[in-house]
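# Coordinate analysis (summary)
Take a look at the letters that make up each chain.
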Amino acid sequence: MTWQEMVPLLGQATWETVLMVVWSTLFTVLFGLPLGVALVGTSRDGLFPSRAANQLLSLTVNIGRSLPFIILMIAVIPFTRLLVGTTIGLYAAIVPLTIGAVPFFARLVEIALRGVSPDVVQAAHAMGVSRLSIVTKVLLPEARAALVAGVTVTVITLVSYSAMAGVIGAGGLGDLAIRYGYQRFETPLMIATCVVIIILVQLAQTLGDAFADRLAKR
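Described in the following lines is the structure provided in the data block. (Residues numbered from 1 in each chain as written. Predicted model: local features only at pLDDT ≥ 70, side-chain atom pairs only at ≥ 80, totals over all residues. Heavy atoms only, no water.)

### So, the layout of surface pockets
To find the voids left in a structure, one rolls a probe of water-molecule size over its atoms. Each pocket or cavity is described by its volume, and for the largest pocket that value is around 390 Å³. Surrounding the largest pocket, 18 residues form its lining, V40, D45, G46, L47 and V121 being those nearest its centre. Mapped by element, the contributors of at least two residues to the lining of the largest pocket are α1 (3–41), α5 (90–114), α6 (118–126) and α7 (131–142). By residue number, the principal contributor to the lining of the largest pocket is α6, which donates four residues. Grouping the constituent residues of the lining of the largest pocket by class yields 10 nonpolar, five polar and three charged. (1 Å grid on protein atoms, 1.4 Å probe; cavity = no way out; pocket = protein on both sides within 12 Å on 5 of 7 lines; lining within 4 Å. Points joined across faces, edges and corners; volume = space filled by probe spheres on them. Helix = DSSP H or I, 4+ residues; strand = E, 2+ residues; numbered from the N terminus. Nonpolar A, V, L, I, M, F, W, Y, C, P; charged D, E, K, R; others polar.)

As structure tokens, then:
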């Protein structure tokens, strides 16, 4: 395969991977952030302690993190078909990507929020600030740099997951590597795919670190 033939394939696959990662990241933050807040809030020293709720949430998150992604993709195939009407392609891959990343990100949110000084929370509580306002105006703003770092780690994890999603025909760089690099023995294309994935990861890490550092200095 010539370079002229590889470039369009790489361009299309890269765009599909970016779309998968962007949409999966958005849904992961949408569901994972409240879950992480709930893990902290329902803990013994949380704003709304509940041992039963905390244990249930923690168990759910641990189960989600325990499943290897390749197994998770297969396990949620019926749910994916129910949700998007198909089990292959770009949009079908977003479902298992999100399900796999939400528990992971929730733990990162929990770690970030636990890093906020208890004195800050106690001071807000002493001033009569409501528990919801403490979460939205104290905990989350104080942990913003750590949260951005957590999103960065999640994005990089999703890039890796999206490559594995190529096994079930999800499209993207993983699918390209399997169809051409593995099944057709196109080694140059396989190497080029790996290089593009490395570039995407480095770009995400660099931008994420820069944004987190900027927030930490405010």
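Picking up after the structure, the text goes on.
### Some thoughts on the packing of helix α2 (residues 51–66) against α5
Following both chains from N to C, one finds α2 and α5 inclined at 125 degrees, their axes separated by 8 Å at the closest point. By the angle class used here, α2 and α5 are oblique. As α2 packs across α5, the resulting crossing turns out to be left-handed. Between α2 and α5, the contacting residues are S58, V61, N62, G64 and R65 on the first element and P103, F104, A106 and R107 on the second. Split by residue class, the contact of α2 with α5 holds four nonpolar, three polar and two charged. (Axes fitted to C-alpha atoms, helices over the stretch in contact; angles between N-to-C directions. Parallel < 35°, antiparallel > 145°, perpendicular 65-115°, else oblique. Left-handed = near helix turned anticlockwise from the far one by under 90°. Contact = heavy atoms within 4.5 Å.)

Interpretation in functional terms is not warranted from these geometric data alone.
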